[in-house]
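# Architecture and fold: a report
Residues per chain, in single letters:
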Amino acid sequence: MLEKSDETILNLLLSGVPTNTERGLRMMMEKYQERLYWVIRRIVAQHEDANDVLQNCFIKAYRSIHTFEQKAKLYTWLYRIATNEAITHLNKQKKTAVSSLDDEMSYYANRLSGDTFFDSDAVQQHLQRAIEKLPDKQKLVFNMRYFEELAYEEMSEILGTSVGALKASFHHAVKKIEAYFNEKEIF
Amino acid sequence: MKDKNGLREELESLSPFLRKLKEKETGMQAPENYFKELPDRVLSQIREEIRTKAAPQKPGTSWVDNCIQYIQWFLQPRAAVAFGVVLLGIIAGVIFWNYEKTTPAPPIAAMEEVSSEELYDYLESNIEDFDSELLLELGWSEQQPGFFNEFDFDVNDINDYLEENIDEIDHRTLENLF
């Protein structure tokens, strides 16, 4: 079911008139850019990566807007593009940067310490590192639930996974993060 | 749709530590004015993409166009000179080959087919037609095999001939002979 403003955005985007298409795209970006940015940023960690992924996400959405079936929310569709792009970006980076387990540990540590737009206390830094080490699917589920506070039903719609599987995934992610903090003796 | 309460309850039972941590800032920030400038940046990328796609493409060429292009290429001075030189070479080659085919074999080679007896008879019956100097040049010397050596001239015949024609042979020729 589309919201009123989403309907306007889509009508403009699909109008075929260049000025209207541009207006629709601008409206869509202004409405969703911040939410999508944080979704992406929590996956890729660094601002520069998040910026690249977010721009790609909007360009992809613009190119394939005619494939959007208006049964789902526009945000749900954009969210799926954003998370796919972020995970693809992350995997590409991992392939080039990580060749051993030691490399992987230092890779995660460097990702956050090298980001000028990450300024937090030690506990928050550890939380981000613990999240970074989660498998991609668990990381996505944890971010959606923990930071975006999405209901399982909405997550299920976005990810195409059952509510039960999502709950189990979130549970595992929380336990792994706790284990990380236990190991570092930060409590 | 946010599920703040549901999450708080869930975290309380799963991990009280993470529930407490959730209330703090994450520490992640976005640069100043980032969200204000982003739409313009994305739109300019898309405009550039559209401009690149809309740029006139080189039209597809038909075989007629290709022929015209070839002719034009041949008419360029450098290509025309090169083509002319090659053509002249070919013509010269053909002419030389035909000349070789039509030119008769040299006289000596042609005479190989004539028997010694025939030649001897011919010379004897037409001896007046030959210049005596030429006859001597061709084969008189015994040490040097020459044209006449092949015909088994009898020395007596030659001596008879010389005696008969002694008046016609000049002094210098006689000196050369002896």
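The model shown is predicted, which means the values in this text are computed figures rather than measured ones.

What follows deals with the overall build of chain A. Counting its regular elements, chain A contains nine helices and zero strands. Considering chain A as a whole, with its 187 residues, one finds that 52% of them fall into the buried category. Considering only intrachain contacts with a sequence separation of at least 6, the fraction spanning at least 24 residues in chain A is 60%. Entry remark: accessible area of chain A is about 8,700 Å², with carbon and sulfur atoms responsible for 51%.

Attention now moves to the confidence of the model for chain A. Put simply, chain A has an average pLDDT of 85, and 83% of its residues get 70 or more. Mean pLDDT values over the elements of chain A span from 58, in helix H5 (residues 101-113) of chain A, up to 95, in helix H3 (residues 47-63) of chain A.

Phi at A:Glu149 takes a positive value of approximately 55°, unusual for a residue other than glycine. With respect to the helices and strands, the residue A:Glu149 is situated in the loop between helix H7 (136-147) and helix H8 (152-159). Accessibility expressed as a relative area gives 9% for A:Glu149, which makes it buried. Even without being glycine, B:Asn33 reaches a positive phi, approximately 60°. Structurally, B:Asn33 is set in the loop between helix H2 (16-22) and helix H3 (34-54). The exposure class assigned to B:Asn33 is partly exposed, which follows from its relative accessible area of 41%.

All right, on to the interface of chain B and chain A then. Listed as interface residues are 35 residues of chain B and, on the opposing side, 48 residues of chain A. Both sides of the chain B and chain A interface together cover about 4,100 Å² of buried area, and 61% of this is carbon and sulfur. Here chain B and chain A share six salt bridges between them. A salt bridge links B:Glu10 to A:Arg145; its shortest N-O distance comes to 2.8 Å. Across the contact surface, chain B and chain A share 16 residue pairs in polar contact (both at pLDDT 80 or more). Within the residue set of the side of chain B that touches chain A, elements represented by two or more residues are helix H1 (4-14), H2 and H3 of chain B. Element by element, the count of residues in the side of chain B that touches chain A is highest for H3(B), at 13 residues. Split by residue class, the side of chain B that touches chain A holds 18 nonpolar, six polar and 11 charged.

A few words on the environment of A:Glu154. All names here are of chain A. Within the secondary structure, Glu154 is located in helix H8. Take Glu154: its relative accessible area is 6%, and that puts it in the buried class. For the pair formed by Glu154 and Thr76, sequence separation is 78 residues and the distance between their alpha carbons is 8.3 Å.

A:Met28, A:Phe142, A:Phe170 and B:Leu18 are the most contacted members of the largest nonpolar core, which totals 67 residues. The biggest single contributor to this core is helix H2 (residues 18-44) of chain A, with 11 residues.

What counts, and where the lines are drawn
Residues numbered from 1 in each chain as written. Chains lettered and ligands numbered in written order. Predicted model: local features only at pLDDT ≥ 70, side-chain atom pairs only at ≥ 80, totals over all residues. Heavy atoms only, no water. Helix = DSSP H or I, 4+ residues; strand = E, 2+ residues; numbered from the N terminus. Buried < 20%, exposed > 50% of the residue type's maximum accessible area, 1.4 Å probe, protein only. Contact = heavy atoms within 4.5 Å. Areas by Shrake-Rupley, 256 points an atom, 1.4 Å probe, with all protein chains shown as cover. pLDDT = per-residue confidence, 0-100. Buried area = accessible area lost by both parts, 1.4 Å probe. Salt bridge = Lys/Arg side-chain N within 4 Å of Asp/Glu carboxyl O. Polar contact = N/O pair within 3.5 Å; in protein donor to acceptor, adjacent residues only side chain to side chain. Nonpolar A, V, L, I, M, F, W, Y, C, P; charged D, E, K, R; others polar. Core = buried A, V, L, I, M, F, W, Y, C linked by side-chain atoms within 4.5 Å.

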